[in-house]
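Now for the letters of each chain:
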Amino acid sequence: MAAAPLLAIRDLTVQFRVDAGWVTAVEGVSIDIGEGDCVGVVGESGSGKSVTALSILRLHDGATTRIPSGSIAFKGQDLLKSSKRSLRGIRGGEIAMIFQDPMSSLNPVLTISEQISETLRQHQKMSGTAARHRAVELLDVVRIPDARRRADDYPHRLSGGMRQRVMVAMAIACRPRLLIADEPTTALDVTIQAQILELLRELRKELGMSVMLISHDLGVIAEFAQSVVVMYAGRVVEQAPVAQLFRRPVHPYTIGLMAAVPKLDGDAMRLSAIPSRIPGPQEDIPGCRFAPRCGFVQNGCLQTSPPIEPAGELHTVRCPPQVLALGDVNG
Amino acid sequence: MTDIGFEANVPTVGLAPPRRGRSIRRLFRYRSFVIGFVIIVVLALAAMFAPLLTSLDPSAMKVRFRFRSPASEFIFGTDMFGRDIFTRVLYGARVSLFVGLAVSVISGFCGAVLGVVAAQFRKLDAPIMRLMDALMSFPAILLALGIAAALGPRVSSVIAALTVAYVPAGVRIVRAAALVVREMDYVQAARLSGASALRIIVRHILPNCFSPLLVHLTFIFAYAILAEAALSFLGVGVQPPLASWGNIIAEGRDYATEAWWVMLFPGIAISLAALGMNLLGDALRDVLDPRLKGGD
Amino acid sequence: MPACSSSGISGWSEIRKSAPVSGELALLRIIAFKFLQAVPVILIISILAFLLLSLLPGDPAIIIAGEQASPEAVEHVRQQLGLDRPFLQQLAIWLLNLAQGNFGSSLILNQSVLSAVGERLPVTLSLAALSIAVTIPVGVFLGSLAAYYRQSWIDAGVMTFALLGVSIPAFWIAILGIILFSVRLGWVPSSGFTPISQGIGPWLSSVILPALILSLFQIGFLARMTRSAMLDVMGQDFIRTARAKGLSEWRTVGKHALRNALILIITATGILLSTAIGGSVVIEQVFALPGIGRMVVQAILARDYPLVQGTMLIFGFAFVLINLIVDVLYTLADPRVRHD
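What counts and how
- Residue numbers restart at each chain and count upward from 1, following the sequence in its written direction.
- Note on labels: chains are lettered from A, ligands numbered from 1, in written order.
- Reporting of local features is limited, given that this is a predicted model, to residues whose pLDDT is at least 70; pairs of side-chain atoms are given and counted only at 80 or more, and all residues count toward the totals for whole chains, interfaces and linings.
- Counting from the N terminus, the helices are the DSSP runs of H or I reaching at least four residues and the strands are the DSSP runs of E reaching at least two.
- Here the C-beta atoms are placed from the backbone, and a residue counts as buried if at least 20 other C-beta atoms lie within 10 Å of its own, exposed if 12 or fewer do, and partly exposed otherwise.
- Working definition of a contact: two residues with C-beta atoms, positioned from the backbone, lying within 7 Å.
- Only Asp, Glu, Lys and Arg are considered charged in this grouping, and only Ala, Val, Leu, Ile, Met, Phe, Trp, Tyr, Cys and Pro are considered nonpolar; every other residue, Gly among them, is considered polar.
- In these notes, a nonpolar core means any group of buried Ala, Val, Leu, Ile, Met, Phe, Trp, Tyr and Cys residues linked to one another through C-beta atoms within 7 Å.
- Whether two strands pair comes down to DSSP finding at least two bridges between them.
- Helix span, expected: 1.5 Å multiplied by one less than the number of residues in the helix.
- What is called the bend at a residue is the angle between a pair of axes, fitted to the seven residues leading up to and ending at it and to the seven starting from it.
- Per-residue confidence from the prediction method is given by pLDDT, with values spanning 0 to 100.
- Working convention: axes come from line fits to C-alpha atoms, limited for helices to the stretch in contact. Angles between N-to-C directions cover 0 to 180 degrees.
- Convention used here: angles under 35 degrees read as roughly parallel, angles over 145 as roughly antiparallel, angles from 65 to 115 as roughly perpendicular, and any remaining angle as oblique.
- Handedness of a crossing is defined here by the sense of rotation of the near helix relative to the far one, left-handed for an anticlockwise turn of less than a right angle and right-handed for a clockwise turn.

Here we look at the overall build of chain B
Next, step 1: Counting its secondary structure elements, chain B contains eleven helices and zero strands.
Next, step 2: Listing each helix as α and each strand as β along chain B from the N terminus yields α-α-α-α-α-α-α-α-α-α-α.
Next, step 3: With 296 residues in all, chain B has 56% of them scored as buried.

Regarding the overall build of chain C
Next, step 1: In terms of regular secondary structure, chain C is built from 14 helices and zero strands.
Next, step 2: Moving toward the C terminus, one meets the helices and strands of chain C in the order α-α-α-α-α-α-α-α-α-α-α-α-α-α.
Next, step 3: Counting every position in chain C, which comprises 340 residues, the buried fraction comes to 46%.
Next, step 4: Long-range pairs, those at least 24 residues apart, make up 72% of the contacts in chain C between residues at least 6 apart in sequence.

Re the interface of chain C and chain B
Next, step 1: Counting residues at the interface gives 52 residues for chain C, matched by 50 residues for chain B.
Next, step 2: Of all the secondary structure elements, the ones that give two or more residues to the side of chain C that touches chain B are helix 2 (23-55), helix 7 (153-167), helix 8 (170-184), helix 9 (200-234), helix 11 (249-287), helix 12 (292-301) and helix 13 (305-333) of chain C.
Next, step 3: Sorting elements by how many residues they give to the side of chain C that touches chain B places helix 11 of chain C first, with eleven residues.
Next, step 4: Class assignment of the residues belonging to the side of chain C that touches chain B gives a composition of 37 nonpolar, 13 polar and two charged.

Some words on the interface of chain A and chain C
Next, step 1: Opposite the 25 residues of chain A that make contact, chain C presents 19 residues.
Next, step 2: At the level of elements, helix 2 (84-90), helix 3 (102-105) and helix 4 (112-124) of chain A are the ones that each hand at least two residues to the side of chain A that touches chain C.
Next, step 3: Looking at which element gives the most residues to the side of chain A that touches chain C, the answer is helix 4 of chain A, with four residues.
Next, step 4: Along the lines of polarity and charge, the residues of the side of chain A that touches chain C split into ten nonpolar, ten polar and five charged.

Regarding the nonpolar core
What tends to happen in soluble globular proteins is that the nonpolar side chains get buried as a cluster.
Next, step 1: Among the nonpolar cores identified, the biggest contains 281 residues, and Met-212 of chain A, Ala-144 and Leu-145 of chain B together with Ala-174 of chain C are the most heavily contacted of them.
Next, step 2: With 21 residues, helix 9 (residues 197-234) of chain B is the largest single contributor of residues to this core.

Digging into the sheet that holds strand 1 (residues 7-18) of chain A
In any sheet, the strands associate via hydrogen bonds between backbone groups, in a parallel or an antiparallel arrangement.
Residue and element names in this part refer to chain A.
Next, step 1: Reading across the sheet, the four strands line up as 2-1-4-5 and stay open at both edges, with antiparallel pairing between neighbours. Whereas interior strands pair on both sides, the edge strands pair on one side only; in this sheet they are strand 2 (21-33) and strand 5 (77-78).
Next, step 2: As paired strands, strand 1 and strand 4 (residues 65-74) are joined by seven bridges and run antiparallel to one another. Within strand 4, the position partnered with Thr-13 by the bridge is Ser-69.

Some details on helix 9 of chain B
Residue and element names in this part refer to chain B.
Next, step 1: Across its 38 residues, helix 9 extends only 46 Å between first and last C-alpha, which sits more than 12% below the 56 Å expected from 1.5 Å per residue.
Next, step 2: Phe-210 marks the point of greatest bend in helix 9, at about 40 degrees, and the proline Pro-212 comes within the next four residues.
Next, step 3: Counting buried residues along helix 9, 28 of its 38 residues qualify, which places the element largely inside the surrounding structure.
Next, step 4: A positive phi of about 100 degrees marks Gly-235, the residue just after helix 9.

Structural notes on the pairing of strand 8 (residues 210-215) of chain A
All names here are of chain A.
Next, step 1: When you tally the buried positions in strand 8, you get six out of six residues, the bulk of the element.
Next, step 2: Of the two faces of strand 8, the one carrying Ser-210, Met-212 and Ile-214 and the one carrying Val-211, Leu-213 and Ser-215 are both buried.
Next, step 3: Sheet topology note: the strand 3 (residues 38-42)/strand 8 ladder contains five bridges and is parallel. Bridge pairing links Cys-38 to Val-211 in strand 8.

Details of the confidence of the model for chain B
All names here are of chain B.
Next, step 1: Residues at a pLDDT of 70 or more form 90% of chain B, whose mean pLDDT is 82.
Next, step 2: Long-range and interchain partners of residues 1-15, a stretch whose pLDDT sits below 50, account for 63 contacts in this model, where long-range means more than four residues apart.
Next, step 3: Segment residues 291-296 is flagged for pLDDT under 50; beyond a separation of four residues in sequence, or across chains, it makes 16 contacts in the model.

Re the pairing of strand 6 (residues 95-98) of chain A
Residue and element names in this part refer to chain A.
Next, step 1: A two-sided burial pattern is seen for strand 6, the buried positions comprising Ile-95 and Met-97 on one face and Ala-96 and Ile-98 on the other.
Next, step 2: Judged from the four bridges that link them, strand 6 and strand 7 (residues 178-182) form a sheet pairing that is parallel. When the bridges of strand 7 are listed, Ile-98 appears paired with Ala-181.

Regarding the packing of helix 4 of chain A against helix 7 (residues 160-172) of chain A
Residue and element names in this part refer to chain A.
Next, step 1: Put simply, helix 4 and helix 7 touch, their axes get as near as 8 Å, and they point 20 degrees apart. One element, helix 4, and the other, helix 7, form an angle in the roughly parallel class. Here helix 4 and helix 7 pass one another in a crossing that is right-handed. Counting all contacts with helix 4, which are made through Ile-112, Gln-115, Ile-116 and Thr-119, the residues of helix 7 involved are Val-166, Ala-169 and Met-170.
Next, step 2: Broken down by class, the residue content of the contact of helix 4 with helix 7 amounts to five nonpolar, two polar and no charged.

Comments concerning unusual backbone geometry
Next, step 1: Note the cis peptide between Pro-240 of chain B and Pro-241 of chain B, where omega equals 10 degrees.
Next, step 2: Relative to the assigned elements, Pro-241 of chain B resides in the loop between helix 9 and helix 10 (245-253).
Next, step 3: Notably, Lys-75 of chain A is not glycine yet its phi reads approximately 50 degrees, a positive angle.
Next, step 4: Mapped onto the secondary structure, Lys-75 of chain A falls in the loop between strand 4 and strand 5.
Next, step 5: In this model, Ala-233 of chain A sits at a positive phi of 45 degrees, which is unusual for a non-glycine residue.

Some points on the environment of Ile-314 of chain C
Residue and element names in this part refer to chain C.
Next, step 1: Take Ile-314: it is sitting in helix 13.
Next, step 2: Between the C-alpha atoms of Ile-314 and Gly-278, which are 36 residues apart in sequence, the distance is 14 Å.
Next, step 3: Those residues in contact with Ile-314 that sit more than four places away from it in its chain are Phe-103 and Val-117.

With respect to the sheet that holds strand 10 (residues 235-241) of chain A
All names here are of chain A.
Next, step 1: Spatially, 6-7-8-3-9-10-12-11 is the arrangement adopted by the eight strands of the open sheet, whose pairing is mixed. Edge positions in the open sheet fall to strand 6 and strand 11 (309-312), since each of these has one partner strand only. Ignoring strand direction, the axes of neighbouring strands in this sheet form an average angle of 20 degrees.
Next, step 2: Where strand 7 lies against strand 8, five bridges are found, and the strand directions are parallel.

A closer look at the confidence of the model for chain C
For any part of a model where pLDDT is low, the fine detail of the predicted coordinates should not be relied upon.
Residues and elements named next belong to chain C.
Next, step 1: Put simply, chain C has an average pLDDT of 81, and 88% of its residues get 70 or more.
Next, step 2: Taken element by element, chain C is modelled with least confidence in helix 1 (residues 12-17), mean pLDDT 41, and with most confidence in helix 7, mean pLDDT 93.
Next, step 3: Low pLDDT, under 50, characterises residues 1-21; the predicted model gives this stretch 27 contacts beyond four residues in sequence or across chains.

Things to note about the environment of Gly-287 of chain A
Next, step 1: Assignment of secondary structure puts Gly-287 of chain A in the loop between helix 11 (252-260) and strand 11.
Next, step 2: Other than its neighbours up to four places away in sequence, Gly-287 of chain A contacts Cys-301, Leu-302, Gln-303, Thr-304 and Ser-305 of chain A.

Structural data, given as structure tokens:
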């Protein structure tokens, strides 16, 4: 990397409180996002991708979450150590976030123009009328038809796709450097999904902002991301540029994921699946957390947690070389 | 429109009947539940075994012993007629707890029946709910006052009056829950497979309305105890010499400064009983409604 | 959808089916519909009140005239109350009287029910209004505090206080309160009502203690309700969105959370009014305040059944009106029920 990354998550560990004590939801996660980058974070439900994303802006519930180690550096400033005040300035201003379910993410008793104007008044100190004017402009940018009239609507009057557009409008209102999109298309129809992704792509180009897209849908990731981070059971298991990841996945889990996607041109009679299921955060697995399900598991895998190894240009993987060699042989 | 059934906040998620064993164990982990449970059990046992705990007759007037303070051989002291307050409080517990139980159970039963009927049979929905609205237009105490007054001052009148006053809230709760449940897929499936309306109601709808109703009924128990005490205090409920916590306080009021014990102990008893049931209700609600988790 | 919503309405589907109209018109239509709904309720209340007398075991005429009364006196009462007419005719006369604003007359007070209630209205109103004026800000504040600092000692403390409030019988605390504040400390009079016309100070000192005692239960109730509602709201996604936008905690809680909890709180206020009036029945008795509640109790004890009947009816009508207002306010507060 030539310049310092815009966002550098280093060795992040997040724990949740349960009756018995604390469980680790995410461990040792390191992700870099450069200026203008588009990083996709993919993994099953329970892989810890949302937890990681929420940690960036510290949106977790303080009473039940703690971050015992790690750092998240944004333009050099460690967000985990920032003051509340400084953090508030960054939220919505420099880093914005959109969430999975646009219906529940919008306040049902406030109009959409009010909710967009809020951000503008907060960060850019705009007056009420100026903010509302800008809000209508933003609604136009995200392609909401009849924006001026729609601005006074309440969220429940809009369709799912439109609500997500409103969320996007709210997010880009102050021209953030980084947009975190947590499963933005999961709750939407497939056709609307494509529209939202298209919108995000255009805005990214126009505003020159970086995007961190989180999804469990490989198709969305393939379509949108430039580089991909694969997460499993709270750990990053592989990182690579998108084309490389899809062409030549290296980690046994990624291999399994790719194989599990049904192909139209294959003549497979059964869908391949990774046996068993993803372990929950409470389950204490020594060594590699994927080992119990891994097709190439070796003796050492169950004892020691594998370190991150390079696997090519800009390509890293959390798997010991001897196992990788097996995978390579087997294709 | 407004209703007491508020307390139960009809859940949309927690409607499936909980696994009994697990829920009961979870209940006991709540400190509030344990305290409430202990209080109610102690009171109930004291009420049931009253004749064993005290050899005295609650109505026996022995003027010789009037106004003995609690420091004497009478634990709670005696009143203006020489009656032992401890005994009267114990026997009063019988009345209050019995009224609370009867009102909860009967109003719960009627509420469940009416609520399910209103939810299932659309034609009956409007008349039933209008009637309930009408009943709920009166403050519960006032309605109970009117009915108890008309029926005459006795325990059965109080029970009848309070039941009528609290049924509408129960109907609301059950109806709301039933309306949610009937749209659920498993009910549609049952209907498609030809199950009769009665079978659907009994097997699918009622069990799922159970949780919010149960929570509601524990609060009704508490309200009923307080209401019965108020009615007896006013002279419209249980009449002396039959002991009720409310009428003991009424009688002791005139001697409040000299014989403070006459008023104090029944008041504490009422507070404890209501407190116990409220604690139980809170704990039950937290366990049975996962939506409100983290709230206690 | 809160369980308390006004969905006792079975004609909702009719509104839904009609074409979408502009905001104000839809609102008016909904309000008008609610008014219409209140009519059968009023009718039922009237009939119920009428039936109250028929609950009396035995002959109402004898009960009212008294056991010792001579047969002529009983007959006189019977005729006076129209009890010798056929049932349906009695009902019709009753309803007709109501339509003309005649709620009956008291046997003992020698005046119409309406005027008897009217005379005592200021007392009960003072009590109820004052207690609610205290209850709402205190209750909402405490409940929000407990919800925001949930699981902390603040939460525990507030909730314990609230729990005690709803568990301790008001009439008992009232008596204890009188002993402490009137007899021992002499801060306020122990009984009696001073109308506002004689000065705010004296008026306040005659109603402040009863009003505060009355509000104990209500504050407890409202605090618990508010905490529940706020917890519910605070757990919702849009609160997270508000924080993600960089809004301060004050704005997040105050604006976003409270506006949503407002819906539940408005409905709670309707219940509070009901409990306030109900509670004032007992409180007025304890403090010897010449209010409507005390009048009802004394009427019951004196077997002045027409007065009881008429007063219950007035209360019923009043609350139908109150519920209507609360319903409308609720519709105004929650935009979701306005259009569909």
